[in-house]
Amino acid sequence: MKKYKLVKTKKVIAISLATTMFASIVGGCTENKEKTNEKETTMSEETSVPDLSVHEKELVSYMNENIRSLFPELSDDISNNTSLILLLDIIAKEDENGKISSSVISNFKNIIDSDNMINEFNAFLGTLENSMIKNNKTISINELFPNDDDLKQDKQILSTIEGITSNIINSNNADEINSEFNKIYTLFVEEDEIDVNGFKFEIRDLSYGNRALAAAYARTSAYYARNYITDEQYKRIDDRTNDQNNKAQIKTILEILSNQMDEQSEIDVVDVFNNKYISVNNLLENRVNISPETQENLINYANLKYLASDKVSTKDKRQILGEYDDSYVSDVILATDALFTYNYNNQGNVVNMADLLIDDYAKTDDGLIDAMALNFVQYNTIMLLNETKDTDTFTQIFNNPYFQNIYSYILYRDVTYKYYDENGNISEFNIPWQGISDGVHFINNRTILDTLDKLPDFDYKNEYYNQAESNFEETIQYIQNTIREECEKVDVDEFVKTK
């Protein structure tokens, strides 16, 4: 079994513990967002473009509300960014010279992170496609669009493609399925025009965002026609709809818009984090003795998803995170260990790990998921240790409901957190694995490793430990990549040694 150790340490962490009884509880690489002063040649002068109109506001709001109504499980950021991308031709119109302006979209975004927006658009498309396959029915997105003359053609094309997909899903007739699929094949693979009841169109008649949306219906059609078409046809559809060309065009437009905008954080983020540093220091005073610098890094890692989002400017992000250093990660590992030990030994006066999140993040959908995930792991790890005896066998430990909850977390499964609300009633919160940030996974996976260390030896313990350790190493990679703003393979030996 492996143990994480402090390496190249520049700071000393002292740990002070007391004892009472337990009373209550709860990766990815991003491109450098820094902008130059040079403007893209395709940009318009912002001074010549009017401010956001009420009409455009209503279009985006209408689209966003409809997406949230159809898929309530999606976060605000996913629905917002999806709405902006699907309406991009309206909110970033070309002028008579073929130039576009950020004048309109800047009323919705302080910062445009093209990678983040594309990732969240992909999350929406994945949810749409999976829902259609899971529920055996077509989900109409064209009906979510507002009625606007600029959207009339796109809505009609999408409605027609949705109808073709629906015909394939609902038919058991081989000839009909092949006939309908050939329309999809002609559109997406041969990229030719089709005629459906006198309505003629090609895929290129759609905006880039809606081409990507239409591709989800093409893949769904191929899935349901898979027993009636050749493997080559299926592969060609899959290849053509996943070539990312449409999304590359969307990204280019977003980057042009981004280069026009002066980055500005939504809030005074530096001041907010400084206040959080003070409040956490007060929270830990006379409980767990961790250096102020390490406390700051722990808070930064817990809120890393927020800091890496388009709500925070590159300047502010870099001012808060500073330079990456392996020793800081090592110190935060030891700080997490110290908090785990303190909370286990002081169950009547625990430090809630969710208190590491800044309020402006915690009140968002993503922040709420992170807070609940921290509560979930903190509660279940302590309760598991409370209910486990040194003589317990594998079967006894495995059948423990708290172990099962931790096991589900280790396996990347969605989990449900049950807790007492402020009125003393039992409430439930479903925590989607994909919605938990890697910064919070870093803390939770370390807490799980500490818990497994304290459990008695049992059959297959190493297998559970190794999986949790692998998860933990992935989060270290994420932290390194996010702070350095580059993709570089982390040397986990810097943090790990074999026992």
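Residues numbered from 1 in each chain as written. Predicted model: local features only at pLDDT ≥ 70, side-chain atom pairs only at ≥ 80, totals over all residues. Heavy atoms only, no water.

Moving on: empty space enclosed by the protein. One number sums up the size of the largest cavity: a volume of about 100 Å³. Among the elements of the structure, α14 (326–345), α16 (365–387) and α19 (438–454) are those that each provide at least two residues to the lining of the largest cavity. With five residues, α16 is the single largest residue contributor to the lining of the largest cavity. Of the residues belonging to the lining of the largest cavity, the class tally is seven nonpolar, six polar and no charged. Of the volumes computed, that of the second largest cavity is approximately 50 Å³. In terms of lining residues, the second largest cavity is bounded by I85, L86, L87, L88, D89, S207, Y208, G209, I250 and I253. Looking at the lining of the second largest cavity, the elements with two or more residues in it are α2 (76–86), α3 (88–91), α7 (208–224) and α9 (245–260). In the lining of the second largest cavity, the residues fall into seven nonpolar, two polar and one charged. (1 Å grid on protein atoms, 1.4 Å probe; cavity = no way out; pocket = protein on both sides within 12 Å on 5 of 7 lines; lining within 4 Å. Points joined across faces, edges and corners; volume = space filled by probe spheres on them. Helix = DSSP H or I, 4+ residues; strand = E, 2+ residues; numbered from the N terminus. Nonpolar A, V, L, I, M, F, W, Y, C, P; charged D, E, K, R; others polar.)

Taking 1.5 Å of rise per residue, 16 residues should cover 22 Å, and α9 covers 23 Å from first to last C-alpha, within 8% of that figure. What α9 keeps buried is the set N246, K247, I250, I253, L254, I256, L257, S258, N259 and Q260. Those residues of α9 that are buried lie in contact with α2, α3, α4 (114–135) and α7. (Expected span 1.5 Å × (residues − 1). Buried < 20%, exposed > 50% of the residue type's maximum accessible area, 1.4 Å probe, protein only. Contact = heavy atoms within 4.5 Å.)

Attention now goes to the side chain of E129. Take E129: it is sitting in helix α4. Residues contacting E129, with those up to four places away along its chain left out, are A216, R219 and T220.

Turning our attention to the packing of helix α18 (residues 401–410) against helix α20 (residues 461–484). When two helices pack together, their arrangement is given by the angle between the helix axes and by the axis-to-axis distance. α20 packs onto α18 with a crossing angle of 45° between their chain directions and a minimal axis gap of 10 Å. The orientation of α18 with respect to α20, classified from their angle, is oblique. Crossing angle aside, the handedness with which α18 passes α20 is left-handed. From α18, F403, Y407 and I410 reach across to α20, where they touch Y464, Q467, A468 and N471. (Axes fitted to C-alpha atoms, helices over the stretch in contact; angles between N-to-C directions. Parallel < 35°, antiparallel > 145°, perpendicular 65-115°, else oblique. Left-handed = near helix turned anticlockwise from the far one by under 90°.)

Under the counting rule described, the total for this entry stands at 17 salt bridges. Two residues, K363 and D360, come together in a salt bridge whose shortest N-O distance is 3.8 Å. Here K363 falls in the exposed class, since its relative accessible area comes to 67%. Look at D360 and you get partly exposed, because its relative accessible area is 21%. Salt-bridge contacts for K461 lead to D457; the nearest nitrogen and oxygen are separated by 3.8 Å. Judged by relative accessible area, which is 69%, D457 ranks as exposed. Among the charged side chains, a network of salt bridges with common partners joins R68, D76 and D365. (Salt bridge = Lys/Arg side-chain N within 4 Å of Asp/Glu carboxyl O.)

A cluster of acidic residues, E190, D192, E193, D195 and D205, forms a negative patch at the surface. Topologically, E193 is positioned in the loop between α6 (174–188) and β2 (194–196). Overall, E193 belongs to the partly exposed group, its relative accessible area being 45%. (Patch = residues over 30% accessible without salt bridge, like charges linked within 9 Å, V, L, I, M, F, W, Y side chains within 5 Å. Areas by Shrake-Rupley, 256 points an atom, 1.4 Å probe, with all protein chains shown as cover. Lys, Arg positive; Asp, Glu negative; His and termini not counted. Charge placed at Lys NZ, Arg CZ, Asp CG, Glu CD.)

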